[in-house]
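Structural features, examined
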Amino acid sequence: MSFSDSDSSSHGGATEYKGFRQISRDRLLNEMLGSTRTGDSKSTWKVLIMDKVTVKVMSHSCKMADITDQGVSLVEDLFRRRQPLPSMDAIYFIQPSKENVVMFLSDMSGREPLYKKAFVFFSSPVPKEFVNHIKSDTSVLPRIGALREMNLEYFPIDNQAFVTDHERALEELFGDVDNPRKFDACLNTMATRISTVFASLKELPFVRYRAAKTPDDSTAAAFRDLVPTKLASAVWNCILKYKTSIPNFPQTETCELLILDRSVDQIAPVMHEWTYDAMCHDLLDMDGNKYAYEVPSKKDGQTERKEVLLEDHDPVWLELRYAHIADASERLHEKMSNFVSKNKAAQIQQSGRDGSEISTRDLQKMVQALPQYTEQVEKISLHVEIAGKVNRAIREMGLRELGQLEQDLVFGDAGAKDVINFLRTKQDATPENKLRLLMIYACVYPEKFEGDKASKLMQLARLPREDMTVINNMRLLGGSSDDNKKTGSFSLQFNAQKTKQAARKDRSGEEETWQLSRFYPILEELIEDLSKGELPKNEYSCMNEPSPSDKGGSRRSTPSSPMQPSQISAHSMRSRRTTNWARPRNSDDGFSSDSILRSASNEFKKMGQRIFVFIIGGATRSELRVCHKLTTKLRREVVLGSSSIDDPLLYITKLKLVSERELSVDNLKIQSWMP
């Protein structure tokens, strides 16, 4: 079983630098589908057959048009009844499971196989017994055109992010520790999929992980504390096999991987993040990146439902997604105004509305410009509508005041009196927002939830008793320590020497930014420390300890050369309290929406070693934003991996399931307000 030898490694000397998602797409289209177009198969159409997992893998990286361009005329489900096409070749992209191998052999064995020839690509390493089983069928063997391991079983959801599609990771890894079968199945599949990222990119990582606070796994709390350690070990074992089985796989480390779990920052998943991207996913009824809206029908004047994907192919979304919602709204207004003033068709239509006569020449110009005009205006208008809907939700839910309280709590500028006052005076706040506030409060002031104090807070907030489960389950993720056992509390604080109780500290070095953008996820500090080689070894261990000269830096520089000051920028200083809730930036810090577009294509060519971060239990929009930000700041592509990407409501639902296993994600809903 061989891995196709390609030049798709991330830093191939003179080889052009390709981003993480682009490599995934190129391998599927060129290395897999394209490799079957040889000899007598070059001009013939083929059938592509996949299982439910590989369909997701393909759909996250490629469009149907891309697949068709590679000679695929039909896409089929492995487990559905299919029409025999004995004159056509078939490409199988499947997981190496017993059921899949049996189904493949059923298709291609006997006197009348379903297809003329089969090109078989497995998404992850194939056990030897499966290979032997295939080879033992003498009727199938001559009909196999290729039998390879693609080692690509992850799901890219962004140019710099992927998931392993483990929606129940919190429940299965941190919940029922008495069910080792579910735990092992989840952990092993997660490790396999993570390792295929490095097989696909031909990268050998230093594998760092959050070390357990407890020395053994004698208790349930300690067992949960060991999850990052166990996953790191499983990933490293997979990668060791790749070193000997994949041609041209690096034998020395080429990148860094940091494995964390959700306990590292339980505030980020429920904090109100004020960027356009996060607000859309938090406040709108979106299905993943899919946004649905109503438009007037061209036929009968009624409305019809349309769906759009808010993804990288949309230039307006790409530009504005990490802008503060107020900044995004202002920029959209400017875009619409500038477009009308510059576009001829728009000017002509405007003049027509003003009652002035339109000449034949003007009409001709309008017709010529109209297609482009319609497309551009539709794109901008869509985002104007979305931003307007988000801003209405902010006003109607009173999120500015709540957001200020959340930020003050996290930075130690608010305490019990402020929270109690809010709960007493804002009884109309949504149950979800009150619960999120209490979760943040519990992270900063765990002692306020000892004994019956938590119940009294829930009563004050008028929240049902079952919501208390969420607060209790935060302890399950927080691990255990001697202090916690004595007090019965849990703590997520990173600096016990603070003079005030806070979960974050203000950072120095940047210009003032928008109010309510003061918060940052802990991931930002961890990645910066990792890049500088300053992660504490006792807290973040390494499976393959690097030598001192290998810490941080770029592959394009010598190992002993220190990083330049521009590569290790100072931390961001969040403005304290400002009088304007939506205050624009005073300077371009390299992360404004315009600068992202300016630098995205060219700057990747100058990147140093990649940094990969994997978060067990779900990542957040704020953490994805940080990875994009630090890619520009550190001059190293930062790739975020996780079991899933969760909006706040979904995260709360999953956290509740950690102890309530009789429920499911589908039937458990927390009351929420929707605009």
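I will try to describe carefully the structure that is included in this document.

Criteria and cut-off values
Residues numbered from 1 in each chain as written. Predicted model: local features only at pLDDT ≥ 70, side-chain atom pairs only at ≥ 80, totals over all residues. Heavy atoms only, no water. Helix = DSSP H or I, 4+ residues; strand = E, 2+ residues; numbered from the N terminus. Buried < 20%, exposed > 50% of the residue type's maximum accessible area, 1.4 Å probe, protein only. Contact = heavy atoms within 4.5 Å. Axes fitted to C-alpha atoms, helices over the stretch in contact; angles between N-to-C directions. Parallel < 35°, antiparallel > 145°, perpendicular 65-115°, else oblique. Nonpolar A, V, L, I, M, F, W, Y, C, P; charged D, E, K, R; others polar. Pairing = 2+ DSSP bridges. 1 Å grid on protein atoms, 1.4 Å probe; cavity = no way out; pocket = protein on both sides within 12 Å on 5 of 7 lines; lining within 4 Å. Points joined across faces, edges and corners; volume = space filled by probe spheres on them. Phe/Tyr/Trp six-rings, centres within 6.5 Å; stacked < 30°, edge-to-face > 60°. Salt bridge = Lys/Arg side-chain N within 4 Å of Asp/Glu carboxyl O. Left-handed = near helix turned anticlockwise from the far one by under 90°. Arc of directions from axis to C-beta. Polar contact = N/O pair within 3.5 Å; in protein donor to acceptor, adjacent residues only side chain to side chain.

Examining the overall build of the protein chain
When helices and strands are counted, the protein chain shows 24 helices and 14 strands. Per-residue burial over the protein chain gives 55% buried out of 675 residues. When contacts within the protein chain are restricted to residue pairs at least 6 apart in sequence, those whose partners lie at least 24 apart make up 79%.

Thoughts on the environment of Phe93
Mapped onto the elements of the fold, Phe93 is located in strand 3 (residues 89-94). Residue Phe93 is classed as buried on the basis of its relative accessible area, which comes to 0%. Phe93 sits 30 residues away from Ser123 along the chain, and the two C-alpha atoms are 6.8 Å apart.

As for unusual backbone geometry
Phi at Asn248 is positive, roughly 65°, even though this residue is not glycine. Looking at the secondary structure, you find Asn248 in the loop between helix 9 (227-245) and strand 9 (255-261). Phi is positive for Arg462, which is not a glycine, with a value near 55°.

A look at the packing of helix 1 (residues 20-33) against helix 7 (residues 180-201)
Contact geometry of helix 1 with helix 7 gives a least axis separation of 10 Å together with a crossing angle of 80°. When the axis of helix 1 is compared with that of helix 7, the two are roughly perpendicular. Residue-level inspection shows Phe20, Ile23 and Arg27 of helix 1 in contact with helix 7, the latter providing Val197, Ser200 and Leu201. Tallied by class, the residues present in the contact of helix 1 with helix 7 amount to four nonpolar, one polar and one charged.

Section: the environment of Thr631
Note on placement: Thr631 falls in helix 23 (residues 621-634). Of the residues examined, Thr631 reaches a relative accessible area of 3% and is grouped as buried. The sequence separation of Thr631 and Met607 amounts to 24 residues, and the corresponding C-alpha distance is 8.5 Å.

Concerning the sheet that holds strand 7 (residues 161-163)
If you trace the seven strands from one edge of the open sheet to the other, you get 6-7-14-13-9-8-12, paired in mixed fashion. Single-partner strands in this sheet number two, and they are strand 6 (155-158) and strand 12 (540-542). Taken pair by pair, the neighbouring strands of this sheet meet at an average axis angle of 25°, ignoring direction. Here helix 1 sits on the sheet and contacts strand 6, strand 7 and strand 14 (638-642); the angle it forms with strand 6, its principal contact strand, is near 135°. Sheet contacts for helix 9: strand 8 (205-210), strand 9 and strand 13 (611-616); angle to strand 8, the most-contacted strand, approximately 165°.

Some words on the environment of Gln376
Relative to the assigned elements, Gln376 resides in helix 14 (residues 360-397). Each C-alpha atom of the pair Gln376 and Phe339 lies 8.7 Å from the other, and the pair is 37 residues apart in sequence.

Brief notes about empty space enclosed by the protein
All told, the structure shown has four cavities of 30 Å³ or more when counted by the stated rule. Counted as a void, the second largest cavity has a volume near 120 Å³. In terms of residue count, helix 10 (residues 276-283) provides more of the lining of the second largest cavity than any other element does, three residues in total. Residue classes in the lining of the second largest cavity are distributed as five nonpolar, three polar and five charged.

Side note on the packing of aromatic side chains
Centre distance and the angle of the planes are the two values used to describe a pair of aromatic rings. Summed over the entire model, instances satisfying the criterion amount to 13 aromatic pairs. With a centroid separation of 6.3 Å and 45° between ring planes, the pair formed by Tyr242 and Phe249 is classed as tilted. Here the two residues Tyr242 and Phe249 agree in accessibility, since each one is buried. Pairing Tyr441 with Tyr445 gives two aromatic rings, centres 5.5 Å apart and planes at 50°, and the pair type is tilted. Assigned by exposure class, Tyr441 and Tyr445 land together as buried.

As for the sheet that holds strand 3
The strand order 2-1-3-4-5 describes an open sheet built from five strands, whose pairing is parallel. Only two strands of the sheet have a single partner each, and these edge strands are strand 2 (72-77) and strand 5 (144-149). Taking each pair of neighbouring strands and ignoring which way they run, the sheet shows an average axis angle of 15°. Where strand 3 and strand 4 (residues 118-122) come together, five bridges link them in parallel fashion. Bridging across to strand 4, Ile91 finds its partner in Phe119.

Brief notes about the pattern of salt bridges
This model, assessed by the stated rule, comprises 35 salt bridges. Of the charged contacts, one joins Arg436 and Glu432 as a salt bridge, the two residues approaching to 2.9 Å between their closest N and O atoms. With Arg436 and Glu432 both in helix 17 (residues 431-444), this residue pair falls four residues apart, about one helical turn. Its relative accessible area of 6% is what places Glu432 among the buried residues. Linked by salt bridges that have partners in common, Arg21, Asp158, Asp312 and Arg321 make up one network.

Observations regarding the pairing of strand 14
Of all five residues in strand 14, five are buried, a share of seventy percent or more. Every second residue of strand 14 is oriented toward a common face, with Val638, Leu640 and Ser642 on one face and Val639 and Gly641 on the other, all of them buried. As paired elements, strand 7 and strand 14 share three bridges and run parallel to each other. Bridge pairing in strand 14 links Val163 to Ser642.

Notes on the packing of helix 17 against helix 24 (residues 648-657)
The geometry of helix 17 relative to helix 24 is characterised by a closest axis approach of 11 Å and an angle of 70° between their N-to-C directions. As summarised for this structure, helix 17 and helix 24 are arranged roughly perpendicular, according to the angle between their axes. Handedness of the helix 17/helix 24 crossing: left-handed. Facing Glu432, Leu435, Arg436 and Met439 of helix 17, the residues of helix 24 in contact are Pro648, Leu649, Tyr651, Ile652 and Leu655. Partitioning the contact of helix 17 with helix 24 into residue classes produces seven nonpolar, no polar and two charged.

So, helix 2 (residues 52-61)
Within the sequence span of helix 2, burial applies to Val53, Thr54, Val57, Met58 and Ser61. Summarising the axial view, the buried residues of helix 2 lie within an arc of 135°, below the 170-degree limit, and thus occupy one face. Buried residues belonging to helix 2 abut helix 1, strand 1 (46-50), helix 3 (64-69), strand 3, strand 6 and helix 7. Capping the start of helix 2 is the job of one residue whose side-chain oxygen sits 3.0 Å from the backbone nitrogen of Val53: Asp51.

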